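Structural features, examined
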Amino acid sequence: MSNLTIASTRPRRTKRTLVAPEGKPLVEKAGKTITPATERASVKGQQTKLLIVKAALALAEKVGLEGLSIGVLAELTHMSKSGVFAHFGSREELQISVLQAYDQRFSEEVFTPAMSEPRGLPRLRALFDNWMKRVAVEIRSGCIFISGAVEFDDRPGLVRDALAGSVQSWLDALCRAVQQAKEEGHLLAQAEESQVVFEIHGLILALHYEARFLHKTGALERARTAFEHVLSRYGA
């Protein structure tokens, strides 16, 4: 098949600017007239949805994704149940929206700041340090990646897919950091990226278990010490 793009002969729908009686412009797009009032309503709707998702994220960190309740969210946001539900097509969509918000926050706090560090060990250290800062908060509030894995590990569906995709994307980012550390000569060339990431990820899971579940003191320090042991074992 040719790689050329064949232009469509179908006439394009144009965007027309009209004028309302009060002199304010109206825009006709895709057969719908968008007025200033319509735009304001759309912006307000988006702001309300963000408010609901923010409240739902805070709630999910405490009770898990399965613990999300339209009734409780309505109370937290001072809205009606139907008002809350109207912003989401289903409870599943609400859960996925919460996952996306958590994933974005995680990326902004853990991944993005580390990208300003030089490639190799400095960047890998920054990723782990930022992850530890996030964990220090989640020891009190809870981690949706971990609680969600318990809730949805054996439940196929869109929520599980979204959760697994987010976790895997983060582990892939760690793998890239390990690969770059090898390329920079900071880690042994024969070190297997997936094994190094497995051990680092295991430290975080053990930390959550000891600090959040068993309430053991010194867990954060032990995790940092174990991370240094991993780097020492695979160091060039």
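How each quantity is defined
- Residues numbered from 1 in each chain as written.
- Predicted model: local features only at pLDDT ≥ 70, side-chain atom pairs only at ≥ 80, totals over all residues.
- Heavy atoms only, no water.
- Helix = DSSP H or I, 4+ residues; strand = E, 2+ residues; numbered from the N terminus.
- Core = buried A, V, L, I, M, F, W, Y, C linked by side-chain atoms within 4.5 Å.
- Buried < 20%, exposed > 50% of the residue type's maximum accessible area, 1.4 Å probe, protein only.
- Contact = heavy atoms within 4.5 Å.
- Phe/Tyr/Trp six-rings, centres within 6.5 Å; stacked < 30°, edge-to-face > 60°.
- Axes fitted to C-alpha atoms, helices over the stretch in contact; angles between N-to-C directions.
- Parallel < 35°, antiparallel > 145°, perpendicular 65-115°, else oblique.
- Left-handed = near helix turned anticlockwise from the far one by under 90°.
- Nonpolar A, V, L, I, M, F, W, Y, C, P; charged D, E, K, R; others polar.
- Patch = residues over 30% accessible without salt bridge, like charges linked within 9 Å, V, L, I, M, F, W, Y side chains within 5 Å.
- Areas by Shrake-Rupley, 256 points an atom, 1.4 Å probe, with all protein chains shown as cover.
- Salt bridge = Lys/Arg side-chain N within 4 Å of Asp/Glu carboxyl O.
- Arc of directions from axis to C-beta.
- pLDDT = per-residue confidence, 0-100.
- Expected span 1.5 Å × (residues − 1).
- Bend = angle between axes of the 7 residues up to and from the residue.

This brings us to unusual backbone geometry. In the Ramachandran plot, His78 falls in the positive-phi region, its phi being about 60° despite a non-glycine side chain. Structurally, the position occupied by His78 is in the loop between helix H2 (70-77) and helix H3 (81-85). In this structure, His215 takes a positive phi of about 55° despite not being glycine. Mapped onto the elements, His215 comes out in the loop between helix H8 (193-213) and helix H9 (219-234).

Counting 60 residues, the largest nonpolar core has Leu65, Val98, Leu124, Trp131 and Trp170 as its most contacted members. Elements represented by at least two residues in this core include exactly helix H1 (36-63), H2, helix H4 (91-114), helix H5 (121-141), helix H6 (144-152), helix H7 (158-183), H8 and H9. Excluding residues that lie within four positions of it along the chain, Leu124 makes contacts with Leu174, Ala177, Val178, Leu187, Ile200, Phe227 and Leu231.

Another aspect to go through is the packing of aromatic side chains. As enumerated under the stated definition, the model contains seven aromatic pairs in all. Ring centres 3.9 Å apart and planes at 5° place the aromatic pair Phe128 and Phe227 in the stacked group. Taken together, the positions of Phe128 in helix H5 and Phe227 in helix H9 put the pair 99 residues apart, joining distant regions of the chain. Three or more aromatic residues link up through ring pairs in this structure, and these residues are Tyr102, Phe106, Trp131, Phe145 and Trp170.

Packing of H7 against H8 leaves a shortest axis separation of 9 Å and a crossing angle of 125°. Here H7 is positioned oblique relative to H8, judged by the angle of their axes. Note on packing geometry: the crossing formed by H7 with H8 is right-handed. Taking contact as the criterion, the partners of Leu171, Leu174, Cys175, Val178, Gln179 and Lys182 in H7 are, on H8, Glu193, Ser194, Val196, Val197 and His201. A per-class count over the contact of H7 with H8 returns six nonpolar, three polar and two charged.

With that settled, the discussion passes to a nonpolar patch on the surface. A cluster of nonpolar side chains, namely Tyr209, Phe213 and Leu214, defines an oily patch on the protein surface of about 340 Å² accessible area. Mapped onto the fold, Leu214 is located in the loop between H8 and H9.

Among the residues making up H6, those that are buried are Ile144, Phe145, Gly148, Glu151 and Phe152. Taken down its axis, H6 places every buried residue within 125° of arc, on the same side.

Considering all chains together, one arrives at 11 salt bridges under this definition. Counted as one network, the salt bridges with shared partners bring together Glu66, Arg91 and Arg155.

Another point: the confidence of the model for the chain. Looking at the chain as a whole, the pLDDT averages 86, with 82% of positions reaching at least 70. Low pLDDT, under 50, characterises residues 1-21; the predicted model gives this stretch 17 contacts beyond four residues in sequence or across chains.

With that out of the way, let us pick up H4. End to end, H4 covers 34 Å across 24 residues, agreeing with the expected 34 Å (1.5 Å per residue, within 8%). Taking the largest bend as the criterion, H4 deviates by roughly 40°, centred on Ser107. Of all the positions in H4, only Leu94, Gln95, Ile96, Ser97, Val98, Leu99, Tyr102, Phe106, Val110 and Ala114 are classed as buried.

Before going further, it helps to spend a moment on the side chain of Lys182. Structurally, the position occupied by Lys182 is in helix H7. With residues up to four places along the chain from it excluded, the contact list for Lys182 reads Leu187, Leu188, Ala189, Ala191 and Glu193.

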